[in-house]
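Architecture and fold: a report
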Amino acid sequence: MKKIILGIVAVMAVVALSSCDTKLCYCYENGYEQTMYVNADTPCNSMTRGERGCVESNERMDPGQVAKKPLE
């Protein structure tokens, strides 16, 4: 039983420590919002690719206001 408890505590510690090094970004593509975690020193806009735009959490927007590419 002690091994199980120690294992759970170890996993929780790893998760807690790893979350300190990341930040949450919001990415928008074709009217949909996705969340993405990146290193704390990585700007969210560096994750922008093609038609996907990514912003910091304080720049989050309503996905309904994001431009959508018309279906071809």
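To start, this report covers the structure provided alongside it.

What counts and how
- Residues numbered from 1 in each chain as written.
- Predicted model: local features only at pLDDT ≥ 70, side-chain atom pairs only at ≥ 80, totals over all residues.
- Heavy atoms only, no water.
- Salt bridge = Lys/Arg side-chain N within 4 Å of Asp/Glu carboxyl O.
- Helix = DSSP H or I, 4+ residues; strand = E, 2+ residues; numbered from the N terminus.
- Buried < 20%, exposed > 50% of the residue type's maximum accessible area, 1.4 Å probe, protein only.
- Patch = residues over 30% accessible without salt bridge, like charges linked within 9 Å, V, L, I, M, F, W, Y side chains within 5 Å.
- Areas by Shrake-Rupley, 256 points an atom, 1.4 Å probe, with all protein chains shown as cover.
- Pairing = 2+ DSSP bridges.
- Axes fitted to C-alpha atoms, helices over the stretch in contact; angles between N-to-C directions.
- Lys, Arg positive; Asp, Glu negative; His and termini not counted.
- Polar contact = N/O pair within 3.5 Å; in protein donor to acceptor, adjacent residues only side chain to side chain.
- Contact = heavy atoms within 4.5 Å.

**Focus on the pattern of salt bridges**
As enumerated under the stated definition, the model contains 2 salt bridges in all. A salt bridge links Lys23 to Glu56; its shortest N-O distance comes to 3.1 Å. Within this pair, whereas Lys23 is found in strand E1 (residues 22–29), its partner Glu56 is found in strand E3 (residues 53–56), the two being separated by 33 residues in sequence. Residue Lys23 is classed as partly exposed on the basis of its relative accessible area, which comes to 22%. Between Glu33 and Arg60 there is a salt bridge, with its nearest N and O atoms 2.9 Å apart. Taken together, the residues Glu33 in strand E2 (residues 32–39) and Arg60 in the segment after E3 connect sequence positions 27 residues apart.

**Focus on a nonpolar patch on the surface**
Together, Met1, Ile4 and Ile8 make up a nonpolar patch on the protein surface, roughly 360 Å² of accessible area in all. With respect to the helices and strands, the residue Met1 is situated in the segment before helix H1 (2–19). By relative accessible area, which is 75% here, Met1 ends up exposed.

**Re the sheet that holds E1**
Strand order in the open sheet formed by 3 strands is E2-E1-E3, and the pairing between neighbours is antiparallel. Since the sheet does not close on itself, it has two edges, and those belong to E2 and E3, each with one partner. Between one strand axis and the next, the sheet turns by 35° as a mean value, whatever way the strands run. For E1 and E2, the ladder comprises 8 bridges, and the chain directions are antiparallel. Residue pairing in the sheet places Tyr28 in a bridge with Glu33 of E2.

**What to know about the side chain of Arg52**
In this structure, Arg52 sits in the loop between E2 and E3. Although Arg52 lies buried, it forms no salt bridge, and the closest oppositely charged side chain, Glu29, sits 5.5 Å away as judged by the N-O distance. A polar atom in the side chain of Arg52 sits 2.5 Å from the backbone oxygen of Met47. Not counting chain neighbours up to four residues away, the residues in contact with Arg52 comprise Cys27, Tyr28, Glu29, Gln34, Met36 and Met47.

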